[in-house]
Amino acid sequence: QDTDMTTILAIPGSWRSGSYNLALARAAQALAPAGCTVELASIAAIPVYDGDSEAAQGVPAPVAELKDRIAAADALLLVTPEYNNSVPGPLKNAIDWLSRPASDLARVFGDKPTGLIGASPGPGGTRLAQAAWLPVLRLLGTRPWFGKSVYVADAGKAFDAGGALVDERLRGVLAAYLQGFAQFAAAR
């Protein structure tokens, strides 16, 4: 990889067909500023966390691989849905696995520039989920970026049937977010 290129690893919290957050992550890929690339990582293969399984078999391969991808990236971007006014269970489960063992936290998350964006069909645009992630990001030891915000509300109108972000104002908001976040990550 080009050492001058800033790599942001985006983890959408939903991979269902028609996911607004997967569509938002793909829009971030397309709108990445010059000198920056946004890569997507899936949480689909990560099992439900189980301490007995961890004790017997260690961290599952999909978790170990994703930990290495996060550690290698310049920045982490969580693209979070909002479930029941809080963090989505599948993405929280993935983060719970990614934080194991605790002795590996600094390698994976330590001082990692981390951003939060999200899309919701509701009026809140994932504001509550993004706020609920903050104690988790603090515990992981990340360096959250608060320079700009992306809260996509009423997502059914922001994206077309193919998942393209068609709301021009939101495209500008996302592009500005990525520009600032990439600069924050590169200044590390």
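Preceding block: the structure.
Our subject in this report is the structure included herewith. (Residues numbered from 1 in each chain as written. Predicted model: local features only at pLDDT ≥ 70, side-chain atom pairs only at ≥ 80, totals over all residues. Heavy atoms only, no water.)

Okay, helix α3 (residues 61–72) next. An α-helical segment advances 3.6 residues per turn. Residues three or four places apart therefore align on the same side. Here α3 contains 12 residues, and its C-alpha end-to-end distance of 17 Å stays within 8% of the 16 Å for a straight helix at 1.5 Å per residue. At its buried positions, α3 is contacted by β1 (6–12), β3 (75–79), α4 (89–98) and α5 (105–109). (Helix = DSSP H or I, 4+ residues; strand = E, 2+ residues; numbered from the N terminus. Expected span 1.5 Å × (residues − 1). Contact = heavy atoms within 4.5 Å.)

Moving on, we get to the nonpolar core. Ranked by size, the top nonpolar core spans 32 residues in total, and within it L24, L77, I117, V152, F159, L174 and F181 carry the most contacts. Elements with a minimum of two residues in this core: β1, α1 (20–30), β2 (36–40), β3, β4 (113–119), β6 (150–152), α7 (155–158) and α8 (168–186). With near-sequence residues (within four places) excluded, F181 lies in contact with I8, A75, L76, L77, P113, T114, G115 and W145. In terms of nonpolar packing, the next biggest core, distinct from the first, is built from 25 residues, L91, A94, I95 and W97 among them. (Core = buried A, V, L, I, M, F, W, Y, C linked by side-chain atoms within 4.5 Å. Buried < 20%, exposed > 50% of the residue type's maximum accessible area, 1.4 Å probe, protein only.)

Right, let's get into the environment of A28. Residue placement: A28 occurs in helix α1. Of the residues examined, A28 reaches a relative accessible area of 0% and is grouped as buried. Remark: the alpha-carbon pair of A28 and R16, spanning 12 residues in sequence, is separated by 18 Å. Every residue in contact with A28, bar those within four places of it in the chain, is listed here: V38, L174 and L178.

The next point concerns the pattern of salt bridges. All told, the structure shown has nine salt bridges when counted by the stated rule. Linking R69 and E39 is a salt bridge whose minimum nitrogen-to-oxygen distance equals 3.4 Å. Here E39 lies in strand β2 and R69 lies in helix α3, a separation of 30 residues in the sequence. Using a relative accessible area of 30% as the deciding quantity, one classes E39 as partly exposed. A salt bridge links R171 to E168; its shortest N-O distance comes to 3.8 Å. (Salt bridge = Lys/Arg side-chain N within 4 Å of Asp/Glu carboxyl O.)

With 19 residues, α8 extends 27 Å from end C-alpha to end C-alpha; this agrees with the ideal 27 Å at 1.5 Å per step. Of the residues making up α8, those classed as buried are L170, L174, Y177, L178, G180, F181, A182, F184 and A185. Of the residues flanking the start of α8, the one acting as N-cap is D167, its side-chain oxygen 3.0 Å from the backbone nitrogen of R169. (Polar contact = N/O pair within 3.5 Å; in protein donor to acceptor, adjacent residues only side chain to side chain.)

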